[in-house]
Amino acid sequence: MDTSTTKPTKPFTLPARGQPPVIIDDPIQRRAAADSLLEAIDRGERVETEIHKSLRAADHVLEVRDFNLFYGGTAQALFDVNIGLPRHQVTSLIGPSGCGKSTLLRSVNRMNDLIDGVRTEGEMILEGESIYGPSVDVIELRKRMGMVFQKPNPFPMSIYENVIYPLRIDGERDKAVLAEVCEKSLRHAALWDEAKDRLKDSALGLSGGQQQRLCIARAVAAEPEVLLMDEPCSALDPIATGRIEELIDELRGSYTVLIVTHNMQQASRTSDFTAFMYRGYLIEAGPTQDIFTSPHRQETEDYITGRFG
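So, a few notes on the structure that sits alongside this text. (Residues numbered from 1 in each chain as written. Predicted model: local features only at pLDDT ≥ 70, side-chain atom pairs only at ≥ 80, totals over all residues. Heavy atoms only, no water.)

## Section: the nonpolar core
The biggest cluster of nonpolar side chains holds 36 residues, and the ones touching the most others in it are Leu-186, Leu-214, Ile-216, Leu-227 and Met-229. Element by element, the count of residues in this core is highest for helix H8 (residues 208-221), at six residues. If near-sequence neighbours (up to four positions away) are discounted, Leu-214 is found in contact with Pro-154, Ile-159, Asn-162, Val-163, Leu-186, Leu-191, Ala-203 and Leu-206. (Core = buried A, V, L, I, M, F, W, Y, C linked by side-chain atoms within 4.5 Å. Buried < 20%, exposed > 50% of the residue type's maximum accessible area, 1.4 Å probe, protein only. Helix = DSSP H or I, 4+ residues; strand = E, 2+ residues; numbered from the N terminus. Contact = heavy atoms within 4.5 Å.)

## What to know about the packing of aromatic side chains
Per the counting criterion, the structure on display carries four aromatic pairs. Ring plane angle 50 degrees and centroid distance 5.4 Å describe the contact between Phe-67 and Tyr-132, whose orientation is recorded as tilted. You can see Phe-67 sitting in strand E2 (residues 60-71) and its partner Tyr-132 sitting in the loop between strand E6 (129-130) and helix H4 (138-143), a full 65 residues away along the chain. Taking the centre distance of 4.9 Å and the plane angle of 65 degrees together, the rings of Phe-155 and Tyr-165 count as edge-to-face. With Phe-155 in the loop between strand E7 (145-148) and helix H5 (159-169) and Tyr-165 in helix H5, this residue pair connects regions lying ten residues apart in the sequence. Under the relative-accessibility criterion, Tyr-165 is labelled partly exposed at 33%. Above the plane of the ring of Phe-70 lies Arg-119, whose end atom (NZ or CZ) is 4.1 Å from the centre. Here the guanidinium or amino end of Arg-218 rests over the ring plane of Phe-155, the centre of that ring lying 4.0 Å away. (Phe/Tyr/Trp six-rings, centres within 6.5 Å; stacked < 30°, edge-to-face > 60°. Lys NZ or Arg CZ within 6 Å of the ring centre and 35° of its normal.)

## Regarding H5
Restricting attention to buried positions, one finds in H5 the residues Ile-159, Tyr-160, Asn-162, Val-163, Ile-164 and Leu-167. Packing partners of the buried residues in H5 comprise helix H6 (175-188), helix H7 (192-195) and H8.

## Observations concerning the packing of H8 against helix H9 (residues 238-251)
Axes are the key here: two packed helices are described by the angle between their axes and the distance separating the axes. Two elements in contact, H8 and H9, have axes whose closest approach is 9 Å; the angle formed by their N-to-C orientations is 20 degrees. In terms of their interaxial angle, H8 and H9 are classed as roughly parallel. For the element pair H8 and H9, the recorded crossing hand is right-handed. Residues Gly-209, Gln-212, Arg-213 and Ile-216 of H8 pack against Ala-240, Arg-243, Ile-244, Leu-247 and Leu-251 of H9. Counted by class, the contact of H8 with H9 contains five nonpolar, two polar and two charged residues. (Axes fitted to C-alpha atoms, helices over the stretch in contact; angles between N-to-C directions. Parallel < 35°, antiparallel > 145°, perpendicular 65-115°, else oblique. Left-handed = near helix turned anticlockwise from the far one by under 90°. Nonpolar A, V, L, I, M, F, W, Y, C, P; charged D, E, K, R; others polar.)

Listed below in structure tokens is the structure:
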């Protein structure tokens with residue numbers, strides 16, 4: 001079938017930097033717009049993030065401003081990322097493999113500093129303080145962040161000692177305080193009823209899903225300002241995944257959560273806000289319901305509906 005007569009007669013032009021995106025109703029023009037933006041990224045051109053008004057207006061615990069990250073001085077992994085994390089809300093990062101989701105998440109607690117040759121530009125502001133300022137104590141910064149990895153990583157010690165480990169290394173010795181924090185954290189992680197009679201047992205004897213909830217308990221024991229989760233369900237079975245998703249829902253309202261997920265259904269179920277990334281660019285970010293039902297950009301819709309990625 002010849003579709004040449006249906007193509008736009010004029011090439012689509014990206015909006016100027018700093019200008020709002022053009023809203024296009026015609027489906028053919030929308031398709032051309034999406035193709036043009038993705039092709040522009042592939043050519044190495046810079047594009048502006050589309051951030052929904054409600055996300056801009058939220059009370060942000062963390063603000064990312066014009067953030068760039070380079071490996072070895074020349075290879076760039078993140079490009080002009082701008083986003084805020086709303087207080088006590090869950091924000092999901094979605095996008096194809098290798099698009100920079102985990103790199104962005106690990107930039108928040110400066111874990112990428114551990115990689116030789118990494119260089120950054122731009123700012124990350126946590127409660128009004130620069131994360132990348134020259135006087136920042138990175139160890140102290142990481143105490144303000146809880147981190148949960150793809151695979152459960154309990155320490156080879158008891159369940160009790162795993163949970164209170166952040167307090168131990170901070171010098172806390174009061175047994176009453178430690179016991180209180182242990183119970184509170186395990187309750188937050190929906191693990192108390194399963195573990196209360198096994199606190200002296202090795203954490204390595206727990207199931208995979210229980211181990212991941214234990215790691216979440218350990219992460220929240222220090223009452224972090226931001227809880228980072230890097231695909232926390234990727235190594236779990238569907239039942240354990242459902243428990244973690246229920247837990248994330250329970251943490252909402254008490255913690256600011258940033259989660260990387262390859263599972264778009266998980267993002268739609270668990271998060272208040274969703275950000276779509278592609279090749280190191282943050283393409284669009286806004287309320288999860290809007291991103292999944294009425295995104296502003298065609299390429300966001302194309303990814304969500306499986307047209308690419």
